[in-house]
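Breakdown of the fold
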Amino acid sequence: MNLLASDIAALWLTLQLAAVTTTILLIVGAPLAWWLARSESRFASVVEATVALPLILPPTVIGFYLLIAFSPDNFLGSGWSALTGHSLAFTFSGLVVGSVIYSLPFVVQPLQTGFQHFDHKLLEAAETMGAGTLDRFLNLIIPLTRRAFATAALLGFAHTMGEFGVVLMIGGNIPGETQVLSIALYDHVEALDYQRAHWLAGGLLAFSFALLILLYGFNRHKAMNK
Amino acid sequence: MGVAVMNGTLEKSIQLAIKHSLGEVTSGGEAKSSANFSLSLKAQLPGKGITAIYGPSGCGKTTLLRCIAGLEEVEHCQLNMSGDEIGSLPAKQRQLGYVFQENRLFPHLSVEGNLDFAYKRRFSDNGPSKQQVIDWLDIDALLERKPDQLSGGQKQRVAIARALLTAPRCLLLDEPLAGVDSQARNPILRHLETVAENLNIPMVYVSHNLDEITRLADHLIIMDQGRLVADGPLLDMLSRLDLDVTRQESAAVVLNTQIMGHDDRYSLTQLSLGLQSGDDAQLSVGRLSGEPGNAVRVRIPCRDVSIALERPSLSSILNILPGVITEIELIDGARAMIKTEVARQFILARITRKSMEHLQLETGKQVYLQIKTVALLS
C-alpha cells in the first residue's frame, strides 16, 4: 500500500508538472511562434534552430547544462535563490524550467505552422474596424488557429508527461517533490518489481495513445469539414 | 494647391497630401514589381457624394487608398476630414470604413457574426442600424451562412455592409467589383447607389473601370504613376479632350437630365437637358417609371454620336440636338473628337477626319448631333 501511494503521488506530480509547463509554454510560445512565423530577419533562423534543439539533443545534455546553470555559482541559480530563497536544482520549480525548455519545440512548432497559414490580411480588415492588438489576437487569431493551439497544448502536455532524462539530471528522485512517473517506473525496474512497472508503463502508454488519437481524430474531423 | 488656400471649404471636404515611397516592400501581401515606385499626391475631395479614383493598374490608386486608411507606413500623410487632422493616427483610430478587393470576411464567423464584429466596435452611435444596412444590401437571407457558402457578389455585399456598420466617417472602396462575375456587378452597383442615397457620408471608390465610375461617381480623380493627373466634377472630366479618358474606345459623356413627361402612345419618356432649355434640348428614351421633375443621369458614348450641318428631317434617329462646337481634337490620322455644347452641358462626337474636313467643322460652328444610343445610369 505504501508503494501504491508513492505511485499516485508520482502521477499527481507528473500531471501538475505537465499542466504548469503547458500553460507557461502556450503563453511564452505564442508570441515567439508569431514572431518566427512573420519575421524576415536572418536572426530568426538562429532562434528557430535553438527552439528545435531539444528535438535532437539527448535530454541528459539539456539536463547537464541546466544543472550547471542552477548551481548557486551561476547567474540563474543565484538569481533564483535571491528571489525565492530556494534553489532550483532538485525542486519542482526546477523541473518546470527544465520541462519548458525540453517541450518548447512541441508547442512552438505547431503554433508557428498555424500562424503561417493564418491570413494576415484579415488583421488589416479588423484594424479598419477599430480592433486593437489584443482584440485581434483574442477574436481572430486564436479562433482561426485553434487547431494549432490544440495540437500545441496536447503535444506539449504529452511530451512533458514522458520526460525522463532532464528530470533525472536536475530533479533527482524526491518522492512528492521531484519524483515523476517515468522515474518511478525506472525505480520499479531497478528493484525488479515488474508488476508495478507494468502498471506504470502500460498506463503511460495508454494515456499517450489516447491523447494522440484525440488529437489526430480532432484534426482529421476538422480537415474533413473544411 | 496649398492647403491654406482651401480654408473656405475646409469644413465639408477631405484634403490629403501624401508622400510614400515603396522600395521592395510588400503592400497588402502583393510584392510591388517596380522597386522605385513612389506616390506623391495632393488633392481635395468633396465631403459628400462618391469620388472615384481612376487610373491604369499599377498607378498607385490602391496604395493611395491604403495610405488614406492608415494601412501603409508613409513618409508624409496629411489627411483632413471635415476639419479634423487624422493623417497621423493609426488605422484603428481613423474611423474610416474599408471594403477590400478580396472581401476579407472572417471565415470563422457567420455573415451575422461578421456584421456584429463591426457593429460592436462601431465608432459612433450615429451610424445606420443593422436592419437598415441589411435592407440596403439585401442580405437578410444570408445572415446564417458562413462566408465560404456565399458567391463572390454576396461576399462583397456583406463586406460593404460590415464596413458601413462601424459607422465610418467615410467609406473607402477598393475595386469592390474586381472579383465579382459580370452578372453580379449590376446588383452591387444598385446597392451602392441605395447606400449613397441613404447615407450622408462621402465615399472614395477606386476603379479602373470607367463604366462603373460614370454610373456611380460625382467627382473624379485621375492618377498615373503615383501622381495626380487631373481632378474635378465627373461630368466636366468626362468631356475634357486633354485627358486619356476621352481617348478610349469606350469614351462617353454623362449628362444630368430631368424627366419632362411621358409619351404613352409610343412608350417613351422625354428628358430635358436643362431647366431653361427649350424643346430642342430634349432626349427621348424608353418609358421610365419616374415622375416629371425626377433627375436622371444618362450616358452617351462618343462613338454613337454623329454630326450634321442641317437638322436631318428624314431620319430614324429620334434624338437630334442642336449644339455649338467648342473644341476639336485630332485623335489619330483618321479620327477626330468634336466637343459641342448643348444647354450648358457637353457632348462628344467621335467622327472621321474625312467627315470633319468635308463638313468644314470648326469651333463656334452650329451643328446637329444625331445620338444613336442613350444609356440610363440611374
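Relevant structure appears above.
Right, let's walk through the structure included here.

Rules used in this analysis
Residues numbered from 1 in each chain as written. Chains lettered and ligands numbered in written order. Predicted model: local features only at pLDDT ≥ 70, side-chain atom pairs only at ≥ 80, totals over all residues. Heavy atoms only, no water. Helix = DSSP H or I, 4+ residues; strand = E, 2+ residues; numbered from the N terminus. Buried < 20%, exposed > 50% of the residue type's maximum accessible area, 1.4 Å probe, protein only. Contact = heavy atoms within 4.5 Å. Pairing = 2+ DSSP bridges. Axes fitted to C-alpha atoms, helices over the stretch in contact; angles between N-to-C directions. Buried area = accessible area lost by both parts, 1.4 Å probe. Salt bridge = Lys/Arg side-chain N within 4 Å of Asp/Glu carboxyl O. Phe/Tyr/Trp six-rings, centres within 6.5 Å; stacked < 30°, edge-to-face > 60°. Lys NZ or Arg CZ within 6 Å of the ring centre and 35° of its normal.

Let's shift gears to the overall build of chain A. Each helix and strand in chain A was counted, giving 11 helices and zero strands. Seen in sequence order, chain A has helices and strands lined up from the N terminus as α-α-α-α-α-α-α-α-α-α-α. Out of the 226 residues in chain A, the part that is buried amounts to 41%. Sequence separation of 24 or more characterises 72% of the internal contacts of chain A that already satisfy a separation of 6 or more.

With that settled, the discussion passes to the sheet that holds strand E4 (residues 37-46) of chain B. All names here are of chain B. Reading across the sheet, the four strands line up as E4-E1-E6-E7 and stay open at both edges, with antiparallel pairing between neighbours. Each edge of the open sheet is held by one strand with a lone partner, namely E4 and strand E7 (84-85). Contacting strand E1 (13-22), E4 and strand E6 (76-81), helix H1 (residues 61-69) runs over the sheet at an angle of about 115° to E1.

On to the interface of chain A and chain B. Contact residues are listed per partner, giving 16 residues for chain A and 21 residues for chain B. Where chain A abuts chain B, roughly 1,700 Å² becomes buried across the two surfaces, and 66% of that area is made up of carbon and sulfur atoms. Per-residue buried area on chain A facing chain B is highest for Lys121, Thr128 and Met129 of chain A; these three make up 40% of the total on that side. The interface formed by chain A and chain B holds four salt bridges in total. Taking the shortest distance from any N to any O, the salt bridge between Lys121 of chain A and Glu102 of chain B comes out at 3.6 Å.

Residue and element names in this part refer to chain B. Of all eight residues that make up strand E19 (residues 335-342), six are buried, and the element is covered over most of its length. When strand E18 (residues 319-330) meets E19, the two strands line up antiparallel, connected through six bridges. Bridge pairing links Glu327 to Lys339 in E19. Linking two consecutive strands that pair antiparallel, namely E18 and E19, is a turn of four residues. By the bridge criterion, eight bridges tie E19 to strand E20 (residues 345-352) in an arrangement that is antiparallel. For Lys339, the partnering residue across the bridge sits in E20 and is Leu348. Hairpin geometry of E19 and E20 is characterised by an intervening segment of two residues between the two adjacent antiparallel strands and by a positive phi of about 45° at Ala343.

With that settled, the discussion passes to the side chain of Gln154 of chain B. Residues and elements named next belong to chain B. Here Gln154 shows up in helix H4 (residues 152-164). Judged by its relative accessible area of 19%, Gln154 is buried. Those residues in contact with Gln154 that sit more than four places away from it in its chain are Leu142, Arg145 and Gln149.

Under the counting rule described, the total for this entry stands at nine aromatic pairs over all chains. Between the aromatic rings of Phe157 of chain A and Phe207 of chain A, the centroid separation amounts to 6.3 Å while the plane-to-plane angle is 55°, which identifies the pairing as tilted. Taken together, the residues span a long stretch of sequence, with Phe157 of chain A in helix H8 (residues 146-161) and Phe207 of chain A in helix H11 (residues 194-225) at a distance of 50 residues. Among the residues examined, Phe157 of chain A registers a relative accessible area of 18% and is labelled buried. Sitting above the plane of the Phe117 of chain B ring, Arg121 of chain B keeps its charged end 3.6 Å from the centroid. The cationic tip of Arg162 of chain B hangs over the ring face of Phe106 of chain B; the distance from NZ or CZ to the ring centre is 4.5 Å.

That is the geometry; function is a separate question.
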